[in-house]
Structure formats: C-alpha cells, structure tokens
Amino acid sequence: QVQLVESGGGLVQAGGSLRLSCAASGCTFSNYDMGWFRQAPGKEREFVAGISCSGSTYYANSVKGRFTISTDNAKNTVYLQMNSLKRDDTALYYCAKKGVGSWYEVRDFVSWGQGTQVTVSS
C-alpha cells in the first residue's frame, strides 16, 4: 500500500520561497508519475505540477516559471520548489501518485497524502 507524506509547508511572506517534500513508501518510486495539487478554502482541488517517471515535467499556467518539481529516486521523494510566492498560492498542498489518464484531473490520481499547508502573507 502506497503511503505519501508531505512536509515543508509553513507561513511565508509574499515574494518568498518554500520547498515542499513528499516521501513515498510502499512503491518503487521511480516507476510512477507523481504530481502536486493544491486546494484553497472554498475552491476545488487543482493541479499544480507533475513529473513523469521519465522526467518530463508539467505545470499549471499559474505557477509556470515560479515552481519547479523534481525527484530524488534514491530517497523516494518528490519536491516542489516554490519561488516568488503570491497570496494566491495559499492552499493545502497535496502530493499524489498518478494512475492512467490526464495530468490535470484529480480523478486520475490514485494515491494521496494528507497535505501540507502553505500560507503566504502580504
């Protein structure tokens, strides 16, 4: 059974940076496509970034150029480096393992972590 545990969230001022981590267990990490989603209060969960097992990366337009997704297969960990943070980036950030289907659809991700809160203040 796959377990995903996110960490690294916190409170940061606008313009600052954070790095989120997602440690995976119960699977051979390098065989899977992984993604980050976020959910702000009162809004639907949305795709943020994804990385395929071959290393291809995908980003939401709202974070392109500011966020970077990467993996460390030896540590079974996926990262999300977030720079130039904005108040609109405030949300609960989730790590997820992708199944078959679209990168951008919540329903196509089969395993989820509990989330880590990111709050950006002005």
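A brief structural summary.

### Details of the pattern of salt bridges
Right, so step 1: The final tally for this structure, using the stated rule, is four salt bridges.
Right, so step 2: Across the pair Arg38 and Glu46 runs a salt bridge whose closest N-O atoms are separated by 2.7 Å.
Right, so step 3: Residue Glu46 is classed as partly exposed on the basis of its relative accessible area, which comes to 37%.
Right, so step 4: The partner of Asp89 in a salt bridge is Arg38, with the nearest N and O atoms 2.9 Å apart. Taken as a pair, Asp89 in the loop between β8 (77–82) and β9 (91–98) and Arg38 in strand β4 (residues 34–39) lie far apart in primary sequence, 51 residues in all. No difference in accessibility class separates Asp89 from Arg38, as the two residues are buried.
Right, so step 5: Among the ionic contacts, a cluster of salt bridges with common partners joins Arg38, Glu46, Arg66 and Asp89.

### Description of the side chain of Thr116
Right, so step 1: Along the chain, Thr116 falls in strand β11 (residues 116–121).
Right, so step 2: The class of Thr116 is buried, set by a relative accessible area of 10%.
Right, so step 3: Of note is the side chain of Thr116, whose polar atom sits 3.1 Å from the backbone nitrogen of Gly9.
Right, so step 4: Every residue in contact with Thr116, bar those within four places of it in the chain, is listed here: Glu6, Ser7, Gly8, Gly9, Leu20, Ala91, Leu92 and Tyr93.

### Structural notes on the packing of aromatic side chains
Right, so step 1: By the definition in use, this model includes eight aromatic pairs.
Right, so step 2: Here the aromatic rings of Tyr58 and Trp103 are separated by 4.7 Å at their centres, their planes lie at 25°, and the arrangement is stacked. Placement of the pair is Tyr58 in strand β6 (residues 57–59) and Trp103 in the loop between β9 and β10 (109–112), with a sequence separation of 45 residues.
Right, so step 3: The exposure class of Trp103 is buried, given its relative accessible area of 10%.
Right, so step 4: Where Phe109 meets Trp112, the ring centres are 6.1 Å apart and the plane angle is 55°; that geometry is what we call tilted.
Right, so step 5: A relative accessible area of 5% means that Phe109 is categorised as buried.
Right, so step 6: Of the residues examined, Trp112 reaches a relative accessible area of 24% and is grouped as partly exposed.

Analysis parameters
All residue numbers refer to positions counted from 1 along the written sequence of the respective chain. At least 70 in pLDDT is required for a residue's local features to be given in this predicted model, at least 80 for side-chain atom pairs to be given and counted, and no such filter applies to totals for whole chains, interfaces and linings, which use all residues. Side-chain figures throughout are based on the complete set of non-hydrogen atoms in the structure, without hydrogens or water. The salt bridge criterion pairs a side-chain nitrogen of Lys or Arg with a carboxyl oxygen of Asp or Glu, the two atoms within 4 Å. Burial classes: relative accessible area under 20% of the type maximum marks a residue as buried, over 50% as exposed, and values in between as partly exposed (1.4 Å probe, protein chains only). Only DSSP runs of H or I reaching four residues or more are called helices, and only runs of E reaching two or more are called strands; each is numbered from the N terminus. The definition of a polar contact used here is a pair of N or O atoms within 3.5 Å, where within protein one atom must be able to donate a hydrogen and the other to accept one, and adjacent residues in sequence count solely through side-chain atom pairs. It only takes one pair of heavy atoms within 4.5 Å for two residues to be counted as in contact. By convention, a stacked pair of Phe, Tyr or Trp rings (six-membered ring in the case of Trp) has centres within 6.5 Å and planes under 30 degrees apart, an edge-to-face pair has planes over 60 apart, and any other such pair is tilted.

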